[in-house]
Amino acid sequence: MLQSKNKPPIVIAIDGTSASGKSTNSKLVAKALGFVHVDTGAMYRTLAWYCLQQRIDVQNAKAVAAACRRWKTALKCADGHAYLVVDGYYPAREIRTAEVSAAVSHVATVSKVREWMKKTQHECIKFGSLVMEGRDIGTNVFPETDFKYYLDAKLEERSRRRAADGIQENLAARDQRDSQRAVAPLMIALGAKVINNSQMTSDQTSATILADIRKRMAEREQAQARKPKAEAR
Ligand code: DC
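Right, let's walk through the structure included here. (Residues numbered from 1 in each chain as written. Predicted model: local features only at pLDDT ≥ 70, side-chain atom pairs only at ≥ 80, totals over all residues. Heavy atoms only, no water.)

Details of the site of the ligand
Here is step 1: Neighbouring the ligand are 16 residues, the closest being R45, R114, R135, D136 and R181.
Here is step 2: Here a nitrogen atom of the ligand sits 3.0 Å away from a polar atom, N or O, in the side chain of T40.
Here is step 3: In this structure, an oxygen atom belonging to the ligand sits 3.1 Å away from a side-chain N or O atom of D178.
Here is step 4: Starting from 450 Å² of accessible surface for the ligand in isolation, the protein chains cover 97%.
Here is step 5: Ranked by residues supplied to the shell around the ligand, first place goes to helix α2 (residues 40-53) with four residues.
Here is step 6: For the shell around the ligand, the class distribution of residues is four nonpolar, four polar and eight charged. (Near = heavy atom within 4 Å. Polar contact = N/O pair within 3.5 Å; in protein donor to acceptor, adjacent residues only side chain to side chain. Areas by Shrake-Rupley, 256 points an atom, 1.4 Å probe, with all protein chains shown as cover. Helix = DSSP H or I, 4+ residues; strand = E, 2+ residues; numbered from the N terminus. Nonpolar A, V, L, I, M, F, W, Y, C, P; charged D, E, K, R; others polar.)

Following this line, the structure appears as structure tokens:
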């Protein structure tokens, strides 16, 4: 673990396109650092699943916002992962269906939903230092963090990865909806390290991220060590 007990929690923000390896690499990085992994896409998927369950039209922003106001959720942290439960239940398998994948980017365009998600994602800090993956973590949820990463890969490679997982999905359409929505669109955060991993394994990608985290941490500590001297002059 890189963090000392009395230091404030650190947030590692990992954003990027669909199937760019965010989940695999975020989990590897969280495990290596001993930080809690948070999949914010799973939170949006959980709301999409809930709406489908409740027969709410996911294209009706008002109805989706109302559902987000009234659903009964709690944040849980187990085995190094933080996630949302609805009425005490985490729909781990249900949120990965093609139906939920098709519905989720509609739910994610609703500004009241994004406000709720941002607040809830902030609350995850109560679990300690985090590796949080999503689309707007470095730009909107924790823009103040020094540790921002943006993963991407060629569309053909990302489609191949999804197909290898047994999922047929129009990634180009989802990327377009994620990057063109009015609220918190998918963008490269200022200061983010961009990693195109089309030709890289997940071990190589996570090693690149970890090396950069260690470099940035060392720079931060050096800057902090210099501060009192500068102030004393
Ligand atoms: O990473 P994923 O495929 O599970 O994400 C599901 C959807 O949620 C995706 O269409 C983008 C959206 N999302 C978002 O808008 N903001 C986030 N922080 C995470 C996911």
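There's more to say after this.
Section: the packing of aromatic side chains
Here is step 1: Under the criterion given, the structure shown has four aromatic pairs.
Here is step 2: The interplanar angle of 50° and the centroid separation of 5.3 Å between the aromatic rings of W71 and W116 together place this pair among those described as tilted. A residue pair is termed long-range when its members are at least 10 positions apart, and W71 in the loop between α3 (61-70) and β3 (73-78) and W116 in helix α5 (residues 111-123) qualify at 45 residues. Accessibility classification places W71 together with W116 in one group, the buried group. (Phe/Tyr/Trp six-rings, centres within 6.5 Å; stacked < 30°, edge-to-face > 60°. Buried < 20%, exposed > 50% of the residue type's maximum accessible area, 1.4 Å probe, protein only.)

Topic: the sheet that holds strand β2 (residues 36-39)
Here is step 1: What the seven strands build is an open sheet, ordered β3-β4-β2-β5-β1-β6-β7; its pairing is mixed. Of all the strands in the sheet, just β3 and β7 (193-196) have a single pairing partner and so form its edges. The sheet shows a mean angle of 25° between the axes of neighbouring strands, direction not considered.
Here is step 2: Bridge count between β2 and strand β5 (residues 130-134): four bridges; the pairing is parallel. Residue D39 lies in a different strand from β5, and its bridge partner there is E133.
Here is step 3: Against the sheet, helix α1 (residues 22-33) touches β1 (11-16), β2, β4 (81-86), β5 and β6 (147-152), its axis set at about 175° to β5. (Pairing = 2+ DSSP bridges. Axes fitted to C-alpha atoms, helices over the stretch in contact; angles between N-to-C directions. Contact = heavy atoms within 4.5 Å.)

Considering the packing of α2 against helix α4 (residues 98-107)
Here is step 1: Two elements in contact, α2 and α4, have axes separated by 8 Å at closest approach and are oriented at 105°. Classified by the angle between their axes, α2 and α4 sit roughly perpendicular to one another. Along the contact surface, α2 presents Y44, R45, L47, A48, W49 and L52, while α4 presents E99, V100, S101, A103, V104 and V107.
Here is step 2: Of the residues contributing to the contact of α2 with α4, the split by class is nine nonpolar, one polar and two charged. (Parallel < 35°, antiparallel > 145°, perpendicular 65-115°, else oblique.)

With respect to the packing of helix α7 (residues 155-164) against helix α8 (residues 171-180)
Here is step 1: Two numbers describe how α7 lies on α8: the axes approach to 10 Å, and their chain directions differ by 115°. Accordingly, the angle class assigned to the pair α7 and α8 is roughly perpendicular. When α7 is examined against α8, the residues L155, R158, S159 and R162 are found in contact with a partner set consisting of L171, A172, R174 and D175.
Here is step 2: Among the residues forming the contact of α7 with α8, the class breakdown is three nonpolar, one polar and four charged.

Quick word on the pattern of salt bridges
Pairing between side chains of opposite charge can happen when the charged atoms of each approach one another.
Here is step 1: As enumerated under the stated definition, the model contains 14 salt bridges in all.
Here is step 2: A salt bridge links K112 to E115; its shortest N-O distance comes to 3.9 Å. Of the two residues, K112 and E115 both sit in helix α5, three residues apart, roughly one turn of that helix.
Here is step 3: A salt bridge links K119 to E123; its shortest N-O distance comes to 3.8 Å. Here the residue K119 and the residue E123 both occupy positions in helix α5, the gap between them amounting to four residues, near one helical turn. (Salt bridge = Lys/Arg side-chain N within 4 Å of Asp/Glu carboxyl O.)

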